[in-house]
Amino acid sequence: IKGKHMTTIIDGSANADFATPLAVAEGGTGATSNAGKVLQCLQSTLTTAFTTTSTTYTDLLTLAITPSASSSKVFVSFTSNAGTNGDATHLATAIFRGSTEALPATSIGSRESSMTVSNTAAQQHFSITGCVLDSPSTTSETTYAIKVNVGSAGTGYWNRAARDNDAATHDGRTVTTLTAWEIGG
């Protein structure tokens, strides 16, 4: 609405109702709509270390959501930390819906599509993030996954550094999250 701003504070109460109809006198229909509203939010976490030598995509973390309407969109995001042992290994990370990459890169030639590519020294692991606004067009359970691989011979490390020194001032451990929000269409 031009010239009007509204701040919504979500305080965790179980009785919040954001589907307030716009009155006909104000140009609305008087009906409620879920368009643009968060209908549900789910999160999956990985709190342990993960390593792989796979050169093809393998699941790091998965999450299933059942959209309430086929017109809904699903906003999916992840955050993680990943590292290599400082060699030529490159780590690829992407979001998949089922077996299909949710947001593939284009014009890749013979390269691999991914959301992030990482390469680090043995004592490092960098924060990696990605997100996609997906249109699954279904009311069936839909599984999203963070899939990872190593681009060449070597090992990839998630939620830890390759060195993994168990000392208070070295090589912390981290958490990976995968979150999905159903947005009304």
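Right above here is the structure, for reference.
Residues numbered from 1 in each chain as written. Predicted model: local features only at pLDDT ≥ 70, side-chain atom pairs only at ≥ 80, totals over all residues. Heavy atoms only, no water.

**A few points about the overall build of the protein**
(1) Moving on: Tallying secondary structure elements over the protein gives zero helices and eleven strands in all.
(2) Moving on: Counting from the amino terminus, the protein carries its helices and strands in the arrangement β-β-β-β-β-β-β-β-β-β-β.
(3) Moving on: Relative to all contacts within the protein whose residues are 6 or more apart in sequence, the contacts with residues 24 or more apart total 79%.
(4) Moving on: Approximately 10,500 Å² of the protein is accessible, and the part contributed by carbon and sulfur atoms is 51%. (Helix = DSSP H or I, 4+ residues; strand = E, 2+ residues; numbered from the N terminus. Contact = heavy atoms within 4.5 Å. Areas by Shrake-Rupley, 256 points an atom, 1.4 Å probe, with all protein chains shown as cover.)

**Considerations on the nonpolar core**
(1) Moving on: Judged by nonpolar contacts, the single largest core of 21 residues is most densely connected at Val76, Ile95, Ile146, Trp158 and Leu178.
(2) Moving on: Residue assignment for this core shows that the elements contributing at least two residues are strand E3 (58-65), strand E4 (73-83), strand E5 (91-97), strand E8 (126-134), strand E9 (142-150) and strand E11 (176-183).
(3) Moving on: Excluding anything up to four places from it in sequence, Ile146 contacts Thr58, Asp59, Leu60, Leu61, Phe78, Thr93, Ala94, Thr176, Thr177 and Leu178. (Core = buried A, V, L, I, M, F, W, Y, C linked by side-chain atoms within 4.5 Å. Buried < 20%, exposed > 50% of the residue type's maximum accessible area, 1.4 Å probe, protein only.)

**Re the pattern of salt bridges**
(1) Moving on: Counted by the stated rule, this structure contains four salt bridges.
(2) Moving on: When the shortest N-O distance is used, the salt bridge between Arg97 and Asp134 registers 2.6 Å. You can see Arg97 sitting in strand E5 and its partner Asp134 sitting in strand E8, a full 37 residues away along the chain.
(3) Moving on: Connected through salt bridges with shared partners, the residues Arg160, Asp164 and Arg173 form a single ionic network. (Salt bridge = Lys/Arg side-chain N within 4 Å of Asp/Glu carboxyl O.)

**Let's talk about the packing of aromatic side chains**
(1) Moving on: Scanning the model with the defined rule gives three aromatic pairs in all.
(2) Moving on: Relative to Phe96, the ring of Tyr57 lies with its centre 5.0 Å away and its plane at 65°, an arrangement referred to as edge-to-face. Residue Tyr57 is found in the loop between strand E2 (50-52) and E3, and its partner Phe96 is found in strand E5; the two are separated by 39 residues along the sequence.
(3) Moving on: The residue whose ring lies beneath Lys147 is Phe96, and the NZ or CZ to ring-centre distance is 5.5 Å. (Phe/Tyr/Trp six-rings, centres within 6.5 Å; stacked < 30°, edge-to-face > 60°. Lys NZ or Arg CZ within 6 Å of the ring centre and 35° of its normal.)

**Considering the pairing of E9**
Within a regular strand, side chains alternate between the sheet's two faces.
(1) Moving on: Counted residue by residue, E9 has eight buried out of nine residues, so it is predominantly covered.
(2) Moving on: Pairing between E3 and E9: seven bridges, direction antiparallel. Looking at the pairing, Leu61 lines up with Ile146 of E9.
(3) Moving on: Relative to E9, E5 runs antiparallel, the two sharing seven bridges. By the bridge assignment, Phe96 is partnered in E9 with Ala145. (Pairing = 2+ DSSP bridges.)

**Examining unusual backbone geometry**
(1) Moving on: Within the chain, Ser137 stands out as a residue other than glycine whose phi angle is a positive 55°.
(2) Moving on: Take Ser137: it is sitting in the loop between E8 and E9.
(3) Moving on: For Ser137, a relative accessible area of 54% corresponds to the exposed category.
(4) Moving on: The phi torsion at Asn159 lies on the positive side, around 65°, for a residue other than glycine.
(5) Moving on: Among the structural elements, Asn159 can be located in the loop between strand E10 (156-158) and E11.

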